[in-house]
Amino acid sequence: MKKSLLLICFLVFPLILSLGYKTDIYLSKGDYINISDMDTPSYMPPGSIYADRNFFFRASSSQATYTLFTAQDSWNIFINDPSLDATVLFYDFDTQQKNLSNIKYLESLIDDAKRYIYISIYDINHSTIADALKRAAQRGIEVKMVTETQNQNTFTSLSLPRNNIKVLFDTNIALMHDKFIVIDGYCLVTGSTNLTNNCLEYNSNNMIFIFNNEIAENYVQEFKEQFEQKIFGKKAGTEKPFPSVLTDIGTISTYFTPEDNLKQEILKNIKECTKNIYMMIFTFTDPDIAQELICASERGVEVKVITEEFQSKASYAAYNILKGKIDIILDKNSKTFHHKVIIFDDNKVLTGSFNFTGAAQDKNDENSLIIESNYINNVYTDEFMRLWDSYTK
């Protein structure tokens, strides 16, 4: 029987084994395996990749057991050293040192990529991140990107493609407004942040890193739908393999619009709140969400909203519906207040690319997470209160 060659890369040292019928493999966060000259698998763990008879898998921080099958062999993969599933970073105009530290953290994860980086991003022009992606491609990492056609620039049209990064411009007549990166199928990066100078250095934003293979796989499938099938907007409809995932920090649910009805989920969660609703939002025009906030306030729920000053000047802005009926204030960032966050009571948070507009639900390509976690809720609540106190002084 033909033997496959397995390379296991731990944080300390690599180990090469010749494999037979059945093998148990024990991994911790960041460890990865390469199996060369392997027959086509009949089942692959989430986040893994198989191409040219080579199999790759990198372990996230969530405890799990997976089995990899081929016609002749099987491998049991145990992730047996769970650690924190998520890291949350905030950017703001008055936190320049923290912004730089955040950028370095993202850069370090890109530099540490072992096999692939898939990016679906509304806009990119930040040279530090672009250079990190170029370095990754130059050392053989598969780097692919989908981006909004209207935001073509010298990075997406010239410098990235010239460095072996495949860039696809969307065909959605509305916006390709996604903001996510998948690294090696073990790490998802998402939130409100574009990879631009303004978003990473000046605007008020959040970025969350989820280390979970199942959630990463949801985003891999969404990326492939765009990059390989060239499906955007209302044409989309691939079923998510893992709609809700129980992680060590709580349950995380994935939403892609317009195929998912995220607006309905937002309304449902507002109705279910009994203590507080805190919102940070860039563009807010949806009257149904606005009315549901008023209803929540009227039944005794503490409702507080920070919204972008410039966007609130529009005649159709929800600010005009809400002012005088709930606690709503305008931001004081001299650049842009770019969050898209709702904090529900003390155990749930919505974040992602989704503004509270009809276009975000019905036309644009958007991605969001609803995270049921006291830990994540506390992190976002602290930032909300920091901004609320700063803006109401």
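Being a predicted model, the structure only gives us computed values, none of them experimental.

J.: Would you take a moment to explain the pattern of salt bridges for this structure?
T.: Where charged atoms from two side chains of opposite charge come close, those side chains can pair. Using the criterion set out here, one finds 20 salt bridges in the structure. Arg386 serves as the salt-bridge partner of Asp94, at 3.9 Å between the closest nitrogen and oxygen. Of the two residues, Asp94 is situated in the loop between strand S9 (86–91) and helix H1 (96–111) and Arg386 in helix H10 (residues 374–391); the sequence distance between them amounts to 292 residues. Residue Arg386 is classed as partly exposed on the basis of its relative accessible area, which comes to 30%. In this structure, the salt-bridge partner of Glu302 is Lys304, at a minimum N-O distance of 3.6 Å. It is possible to trace a salt-bridge network through shared partners that takes in Arg58, Asp112, Lys114 and Asp184.

J.: How should the sheet that holds strand S14 (residues 187–191) be read in this particular structure?
T.: One open sheet holds the 7 strands; their spatial order is S9-S15-S14-S13-S10-S11-S12, and the pairing between them is mixed. Two strands bound the open sheet, and with one partner strand each, they are S9 and strand S12 (166–169). Pairs of neighbouring strands in the sheet enclose a mean axial angle of 10°, with direction left out of account. As defined by bridge partners, S9 adjoins strand S15 (residues 205–210) across 6 bridges and the pair is classed as antiparallel. Counted as the bridge partner of Thr87 is Phe209 from S15. Helix-sheet contacts for H10 involve S9 and S15, and the interaxial angle to S9 is about 10°.

J.: Got a minute to help me understand the pairing of strand S11 (residues 142–147) in this structure?
T.: The side chains of a regular strand alternate between both faces of the sheet. Counting buried positions along S11 gives 5 out of 6 residues, so the element sits mostly inside the fold. Bridge count for strand S10 (residues 116–121) against S11 is 6 bridges, and the pairing is parallel. Looking at the pairing, Ile117 lines up with Val143 of S11. Since S10 and S11 lie parallel, the crossover through helix H2 (residues 127–138) that links them has a hand, and here it is right-handed. Read from S11 through helix H3 (residues 154–162) to S12, the crossover connection turns out right-handed.

J.: What exactly am I supposed to notice about the nonpolar core here?
T.: Nonpolar side chains in soluble globular proteins tend to end up buried together. If you look at the biggest cluster of nonpolar residues, it comprises 43 residues, and the most contacted ones within it are Ile376 and Tyr380. Among all residues touching Ile376, those that are not within four sequence positions of it are Ala86, Val88, Ile208, Ile249, Val349 and Ile371. Membership of the second largest hydrophobic core comes to 33 residues, among which are Leu106, Met145, Tyr186 and Phe209.

J.: It is not clear to me how H1 should be interpreted in this structure. Could you clarify?
T.: The α-helix advances 3.6 residues per turn, and as a result positions three or four apart in sequence lie on the same side. If you check H1, its first and last C-alpha atoms are 22 Å apart, about what 16 residues at 1.5 Å a residue would give, namely 22 Å. Inspection of H1 places Asn99, Asn102, Ile103, Leu106, Glu107, Leu109 and Ile110 among the buried residues, and these make up the whole buried set. Buried residues of H1, seen end-on, are gathered within an arc of 160° and therefore sit on one face of the element. Within H1, the exposed residues directed more than 90 degrees away from the buried face are Gln97 and Lys104.

J.: What is the right way to look at the side chain of Asn364 in this model?
T.: Relative to the assigned elements, Asn364 resides in the loop between helix H9 (358–362) and strand S23 (366–372). Asn364 sits in the buried class, given a relative accessible area of 7%. Of note is the side chain of Asn364, whose polar atom sits 3.1 Å from the side chain of Glu366. Non-local contacts of Asn364, meaning those with residues more than four positions away in its chain, are made with Asn172, Ala174, Leu175, His177, Thr257, Pro258 and Ala359.

J.: Sorry, what's going on with the sheet that holds S23 here?
T.: Strands belonging to one sheet form pairs held by backbone hydrogen bonds; the direction of such a pair is parallel or antiparallel. Across the sheet, 8 strands lie side by side as S16-S17-S23-S22-S21-S18-S19-S20; this open sheet has mixed pairing. The open sheet terminates on both sides in strands that have one partner only, identified here as strand S16 (244–246) and strand S20 (327–330). Across the sheet, the mean angle separating the axes of adjacent strands is 10° when strand polarity is ignored. In the sheet, strand S17 (residues 251–257) pairs with S23 via 7 bridges, with the strands oriented antiparallel. Residue pairing for S23: Thr254 is matched across the bridge by Leu369. Along the sheet face, helix H5 (residues 213–227) touches S16, S17 and S23 and points at about 5° away from the line of S17.

J.: Explain the state of the cysteines to me, please; I cannot follow it from the model alone.
T.: As used in these notes, a disulfide is a covalent bond between sulfur atoms, one from each of two cysteines. This structure, assessed with the given rule, holds 0 disulfides. Among the cysteines around Cys199, which has no disulfide bond, Cys187 carries the closest sulfur, lying 19 Å off. Residue Cys199 is classed as buried on the basis of its relative accessible area of 4%. Distance from the sulfur of Cys273, which forms no disulfide, to the nearest cysteine sulfur (Cys295) is 13 Å. Owing to a relative accessible area of 3%, Cys273 belongs among the buried residues under this scheme.

J.: Can you walk me through the packing of helix H6 (residues 262–272) against helix H7 (residues 287–298) in this structure?
T.: Pairs of packed helices are described in terms of their axes, by the angle between the two and the distance that separates them. Remark: H6 packs on H7, axes separated minimally by 9 Å, with the N-to-C direction vectors making an angle of 5°. Considering the angle they form, H6 stands roughly parallel to H7. Between H6, through Lys263, Ile266, Leu267, Ile270 and Lys271, and H7, the contact on the second element is made entirely by Asp288, Ile289, Glu292, Leu293 and Ala296. Class assignment of the residues belonging to the contact of H6 with H7 gives a composition of 6 nonpolar, no polar and 4 charged.

J.: Just checking my understanding: could you explain the pairing of S15 for this structure?
T.: Here S15 lies mainly inside the structure; 6 of its 6 residues are buried. Both faces of S15 are covered, namely the face carrying Asn205, Met207 and Phe209 and the face carrying Asn206, Ile208 and Ile210. Judged from the 4 bridges that link them, S14 and S15 form a sheet pairing that is antiparallel. The partner of Leu188 across the bridge, within S15, is Ile210.

What counts, and at which threshold
Residues numbered from 1 in each chain as written. Predicted model: local features only at pLDDT ≥ 70, side-chain atom pairs only at ≥ 80, totals over all residues. Heavy atoms only, no water. Salt bridge = Lys/Arg side-chain N within 4 Å of Asp/Glu carboxyl O. Helix = DSSP H or I, 4+ residues; strand = E, 2+ residues; numbered from the N terminus. Buried < 20%, exposed > 50% of the residue type's maximum accessible area, 1.4 Å probe, protein only. Pairing = 2+ DSSP bridges. Axes fitted to C-alpha atoms, helices over the stretch in contact; angles between N-to-C directions. Contact = heavy atoms within 4.5 Å. Right-handed = clockwise from strand over helix to strand, strands pointing away. Core = buried A, V, L, I, M, F, W, Y, C linked by side-chain atoms within 4.5 Å. Expected span 1.5 Å × (residues − 1). Arc of directions from axis to C-beta. Polar contact = N/O pair within 3.5 Å; in protein donor to acceptor, adjacent residues only side chain to side chain. Disulfide = S-S within 2.5 Å. Parallel < 35°, antiparallel > 145°, perpendicular 65-115°, else oblique. Nonpolar A, V, L, I, M, F, W, Y, C, P; charged D, E, K, R; others polar.

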